[in-house]
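Structural overview
This is what each chain is made of:
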Amino acid sequence: MEKKKIVIALGGNALGKGMAQQQEAVARTARIIVDLAQQGHSLVITHGNGPQVGMIQDAMESLTVVHKNYEQTPLPTCVAMSQGYIGIDLQNAIKYELLSRSIDGKVSTILSQVEVDRDDPAFKNPTKPIGRFLTKEEALENEANGIRCIEDAGRGYRVVVASPMPKRIRELETIRTLLRAGHIVITCGGGGIPVVSDENGKLIGASAVIDKDNASSLLAEKLGADYLVILTAVEKVAINYGKENQEWLTDLTVEQAKEYIAQKQFAAGSMLPKVEAAIRFAQSGKGRKTLITLLDKAAEGIAGKTGTVIYADGR
Ligand code: ADP
Ligand code: MG
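Everything numeric in this text was worked out from a predicted model, so none of it was measured.

A few words now on the sheet that holds strand E17 (residues 308-311). Strand order in the open sheet formed by eight strands is E3-E9-E2-E1-E12-E16-E17-E15, and the pairing between neighbours is mixed. Both outer strands of the open sheet, strand E3 (106-110) and strand E15 (251-253), are each paired with one neighbouring strand and no more. Taken over all neighbouring pairs, the strand axes of this sheet differ in orientation by 20° on average, direction set aside. Bridge count for strand E16 (residues 289-294) against E17 is three bridges, and the pairing is antiparallel. Directly across from Ile292, in E17, lies its bridge partner Thr308. Across the sheet, helix H3 (residues 75-100) is in contact with strand E1 (5-10), strand E2 (42-47), E3 and strand E9 (183-187); its angle to E3 comes to roughly 175°.

This brings us to unusual backbone geometry. The phi angle at Ser102 is positive, at roughly 55°, despite the residue not being glycine. Positionally, Ser102 belongs in the loop between H3 and E3. One non-glycine residue, Cys188, lies in positive phi territory at about 55°. For Cys188, the position within the fold is in the loop between E9 and strand E10 (193-197). Of the residues examined, Cys188 reaches a relative accessible area of 0% and is grouped as buried.

Once that is clear, we can look at the sheet that holds strand E11 (residues 203-205). Strand order in the open sheet formed by four strands is E8-E4-E10-E11, and the pairing between neighbours is mixed. The open sheet is flanked by strand E8 (166-169) and E11, the only strands paired with a single partner. The average angle at which neighbouring strand axes cross in this sheet is 45°, direction not considered. Direction of pairing for strand E4 (residues 113-116) relative to E10: parallel, over a ladder of three bridges. By the bridge assignment for E10, Gln113 is matched with Ile193.

Let's shift gears to the side chain of Gln52. With respect to the helices and strands, Gln52 occurs in helix H2 (residues 50-66). If we ignore the near neighbours within four places in the chain, the residues touching Gln52 are Leu15, Gly16, Gln22, Ser82, Tyr85 and Ile86.

Surveying the vicinity of ligand 1 reveals 17 residues, the closest of which are Gly12, Thr232, Ala238, Tyr241 and Lys274. Here an oxygen atom of ligand 1 sits 3.4 Å away from a polar atom, N or O, in the side chain of Ser270. In isolation ligand 1 offers 580 Å² of accessible surface; the protein chains occlude 78% of this area. Those elements that place two or more of their residues in the shell around ligand 1 are strand E13 (237-239) and helix H8 (271-283). When grouped by side-chain class, the residues that make up the shell around ligand 1 number eight nonpolar, six polar and three charged.

What follows covers the nonpolar core. Among the nonpolar cores identified, the biggest contains 44 residues, and Ile8, Leu10, Leu43, Ile45, Ile94 and Val229 are the most heavily contacted of them. Here this core takes nine residues from H3, the largest share from any one element. Sequence-distant contacts of Val229, defined by excluding residues within four places in its chain, comprise Ile6, Val7, Ile8, Ala9, Leu291 and Ile302. Listed in part, the 42 residues of the second largest apolar core include Ala9, Leu179, Ile230 and Phe281.

With that out of the way, let us pick up the pairing of E10. With respect to burial, E10 is a largely interior element, four of its five residues being buried. Where E10 and E11 come together, three bridges link them in antiparallel fashion. Looking at the pairing, Ser197 lines up with Leu203 of E11.

Looking now at the pattern of salt bridges. In total, this model carries 11 salt bridges according to the counting rule given. Arg176 serves as the salt-bridge partner of Glu173, at 2.5 Å between the closest nitrogen and oxygen. Pair noted here: Glu173 and Arg176 are both in helix H5 (residues 172-180), with a separation of three residues, about one helical turn. Linking Asp213 and Lys274 is a salt bridge whose minimum nitrogen-to-oxygen distance equals 3.2 Å. On the criterion of sequence distance, the pair formed by Asp213 in helix H6 (residues 212-223) and Lys274 in helix H8 is long-range, its members being 61 residues apart. As far as burial versus exposure is concerned, Asp213 and Lys274 are alike and both buried. Taken together, the shared-partner salt bridges connect Asp35, Glu97 and Arg101 into one network.

Moving on, we come to the packing of aromatic side chains. Aromatic ring pairs: the centre-centre distance and the angle between the two ring planes describe each pair. Overall, the coordinates contain two aromatic pairs when judged by the stated rule. Summarising the aromatic geometry, the rings of Tyr241 and Trp248 are spaced 6.4 Å apart at their centres and angled 70° between planes, so their arrangement reads as edge-to-face. A relative accessible area of 43% places Trp248 in the partly exposed class. Arranged with centres 6.4 Å apart and planes meeting at 90°, the rings of Tyr260 and Phe266 form a pair that is edge-to-face. Given the relative accessible area of 16%, Tyr260 is considered buried. The class for Phe266 is buried, based on a relative accessible area of 6%. The ring of Tyr227 has Lys289 lying over it, and the distance from NZ or CZ to the ring centre is 6.0 Å.

Analysis parameters
- Residues numbered from 1 in each chain as written.
- Chains lettered and ligands numbered in written order.
- Predicted model: local features only at pLDDT ≥ 70, side-chain atom pairs only at ≥ 80, totals over all residues.
- Heavy atoms only, no water.
- Pairing = 2+ DSSP bridges.
- Helix = DSSP H or I, 4+ residues; strand = E, 2+ residues; numbered from the N terminus.
- Axes fitted to C-alpha atoms, helices over the stretch in contact; angles between N-to-C directions.
- Contact = heavy atoms within 4.5 Å.
- Buried < 20%, exposed > 50% of the residue type's maximum accessible area, 1.4 Å probe, protein only.
- Near = heavy atom within 4 Å.
- Polar contact = N/O pair within 3.5 Å; in protein donor to acceptor, adjacent residues only side chain to side chain.
- Areas by Shrake-Rupley, 256 points an atom, 1.4 Å probe, with all protein chains shown as cover.
- Nonpolar A, V, L, I, M, F, W, Y, C, P; charged D, E, K, R; others polar.
- Core = buried A, V, L, I, M, F, W, Y, C linked by side-chain atoms within 4.5 Å.
- Salt bridge = Lys/Arg side-chain N within 4 Å of Asp/Glu carboxyl O.
- Phe/Tyr/Trp six-rings, centres within 6.5 Å; stacked < 30°, edge-to-face > 60°.
- Lys NZ or Arg CZ within 6 Å of the ring centre and 35° of its normal.

What follows is the structure, given as structure tokens:
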């Protein structure tokens, strides 16, 4: 089989829920990753962090209640914490799996900062709900302090933050160097630590959450990857998803994908960012394809046997 440079974006189901479950979940995920490494592919792993960053934020907020001298932990710091503990669990699980197959492989986790545009319109229109559910009183108090809250599907109120587009991965050269040296690199967790740079080039943490599929697409583009593989909770992308006339898609050109987006076939915040990320990757260079499939079907999908492949016309 042809050896490829692959960016693998792991969805929530690859990490499980809670600390103990995460260790179990990553062991399974590691087997899937090492299967691909054994086929000779060069791999970069990215992952989501929605539930994890929410948990960290809650914990840090509780600290400010118990100890009045603690200040609020900035959101980008919470993202960095999540990259750290998810990264180390994945790294150890992959290393252990390599070891159990007597492979002397190298694995690294690179905490990464992803620059966003200060003027990104997303900052004026925060849409991404994070953290725990709040009472109406708490939400009103937040609003009075300039923290935007929304009413979330009848379940209570939640803080919403901006989800700006990733523009530049600051640790790209480090990631490239490790990849060249044969490492499996885990990076851009949770879409990366969002930063903006000031007039002097100093990086300042931004109160935002970058979509992990968008960050993965940018990473795949900048690394010149052959394949972006988005592993999630569905085997294929569908049109008329969840309806009687649902249809699973095997192949999808950029043109068709845009048409389906216009028809609102993909849910915002779940499948839509994946298809949009795939379109941008396909358009960034010749022959670049994205596979969207189930975590367990990764190898089959890469072999062309399942999943949905999104590509530019004339691949
Ligand atoms: P992840 O953690 O992998 O990013 P998400 O929940 O964000 O997972 O996105 C995957 C989910 O998108 C699927 O589990 C599915 O329920 C949902 N989805 C929405 N629209 C579609 C569609 N048109 N085709 C397939 N899945 C869809
Ligand atoms: Mg998602």
